[in-house]
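Results of the structural survey
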Amino acid sequence: MVFMKKVVTIQDISCFGKCSLTVALPIISAMGIETAVIPTAVLSTHTGGFTGYTFHDLSGDIKDISKHWQSLGLTFDAIYTGYLGSVDQVQIVSDFFDSFSSDDNFIVVDPVLGDSGHLYAGFTEEFVGEMRKLCEKADYILPNMTEASFLLGIPYNDKCDENSAKEILRGLAELGCKVPVLTGVRSGGLHGAAAYDSESDEFYVSFGKHIERQLHGTGDIFASVFTGAVTLGKNIQQALDMSVKYISDCINATMPCLDEMWYGSCFELCLGKLIEYSSNS
Ligand code: PXL
């Protein structure tokens, strides 16, 4: 009998725009992992560049889903959260952690707050404070440079090298999570991510190709692959390498249609490679 690994991911559905659940679900499933979802809100598009989008809050449903799942005795190997829409919602997700976390699973918080030095539309300092508290409960957090700067109250640095990354990672670990992972780290002409295991005091880095253009949704892709990789039993270095490699594949696939694809990336074209990476141990 084959026991499949099982992840639950809690984030919004942006109906158009290739981010959050519409990215996490195909990616984690392609890695051979059962993927349960809790949609936190339904938006007509994501908020990063579209205007006039709709937003339907599903905060109340999260509690009901959680109650039903507890009555069924459901358990998960990993709990992974992304974009959350309000302060209340962060608190509800925090309660979900209390109900579903155990010694046998781990929590990944992607503290989605902003990009390029700015908060996403609708986010406030109060929301940042709440997200900081959620990070305390996580085993892994996966901020980009913008999110790290808001979480730590430090200036945004868009050319963060390995040494600065180490300092930021130590600061992020002080928020209370075990393994902070920082994306958007630069090394010469390369771009990648760095991680810090606060229990063993070890740092890890992985780099791929740098492109000057920002591709929307790559943070969600990175977080989904990283979560999947750790769920499959990969160590931190392997999970970083797999995530950075897949992001590189996505960038390469998107290059020919960058102007048309301003709102996302062509990650679908690379799912075959991800299946290969996940099955090679
Ligand atoms: O990619 C992160 C993200 C997720 N969900 C929504 C967003 C964004 C970023 O803009 O707007 C709704």
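The coordinates are above.
Below: a short report on this structure. Bear in mind the structure is a predicted one, so any value in this text is a computation, not a measurement. (Residues numbered from 1 in each chain as written. Predicted model: local features only at pLDDT ≥ 70, side-chain atom pairs only at ≥ 80, totals over all residues. Heavy atoms only, no water.)

1. What to know about the site of the ligand
Neighbouring the ligand are 13 residues; Asp12, Thr47, Tyr83, His216 and Asp220 lie closest to it. Residue aspartate 12 places a side-chain N or O atom 2.8 Å away from a nitrogen atom belonging to the ligand. The separation between an oxygen atom of the ligand and a polar side-chain atom of aspartate 220 is 2.8 Å. For the ligand, whose unbound accessible area comes to 310 Å², protein coverage reaches 98%. The class makeup of the residues in the shell around the ligand is 5 nonpolar, 6 polar and 2 charged. (Near = heavy atom within 4 Å. Polar contact = N/O pair within 3.5 Å; in protein donor to acceptor, adjacent residues only side chain to side chain. Areas by Shrake-Rupley, 256 points an atom, 1.4 Å probe, with all protein chains shown as cover. Nonpolar A, V, L, I, M, F, W, Y, C, P; charged D, E, K, R; others polar.)

2. Some details on helix H3 (residues 87-100)
With 14 residues, H3 extends 20 Å between its outermost C-alpha atoms, agreeing within 8% with the 20 Å of an ideal straight helix rising 1.5 Å per residue. Where H3 is concerned, the buried positions are Val87, Gln89, Val90, Ile92, Val93, Ser94, Phe96, Phe97 and Phe100. (Helix = DSSP H or I, 4+ residues; strand = E, 2+ residues; numbered from the N terminus. Expected span 1.5 Å × (residues − 1). Buried < 20%, exposed > 50% of the residue type's maximum accessible area, 1.4 Å probe, protein only.)

3. A few points about the sheet that holds strand E2 (residues 34-45)
Within the open sheet, the 9 strands sit side by side as E3-E2-E1-E4-E5-E8-E9-E10-E11. Their pairing is mixed. Taken across any chain shown, the strands that pair with only one partner, and hence form the sheet edges, are strand E3 (55-57) and strand E11 (202-209). As defined by bridge partners, strand E10 (residues 190-197) adjoins E11 across 8 bridges and the pair is classed as antiparallel. The partner of histidine 191 across the bridge, within E11, is glycine 208. Its contacts with the sheet place helix H8 (residues 236-254) against strand E9 (179-187), E10 and E11, and it is angled at close to 15 degrees to E11. (Pairing = 2+ DSSP bridges. Contact = heavy atoms within 4.5 Å. Axes fitted to C-alpha atoms, helices over the stretch in contact; angles between N-to-C directions.)

4. A word on unusual backbone geometry
Even without a glycine there, the phi angle at lysine 18 is positive, about 55 degrees. Assignment of secondary structure puts lysine 18 in the loop between strand E1 (6-16) and helix H1 (21-30). Phi is positive for serine 116, which is not a glycine, with a value near 50 degrees. In this fold, serine 116 is placed in the loop between strand E6 (114-115) and strand E7 (118-119).

5. A closer look at helix H9 (residues 271-279)
Those residues of H9 that fall on the buried side of the exposure criterion are Leu271, Leu274, Tyr277 and Ser278. One side of H9 carries all its buried residues, which in axial view fall inside an arc of 110 degrees. The inward-facing, buried residues of H9 abut H1, helix H7 (218-231) and H8. (Arc of directions from axis to C-beta.)

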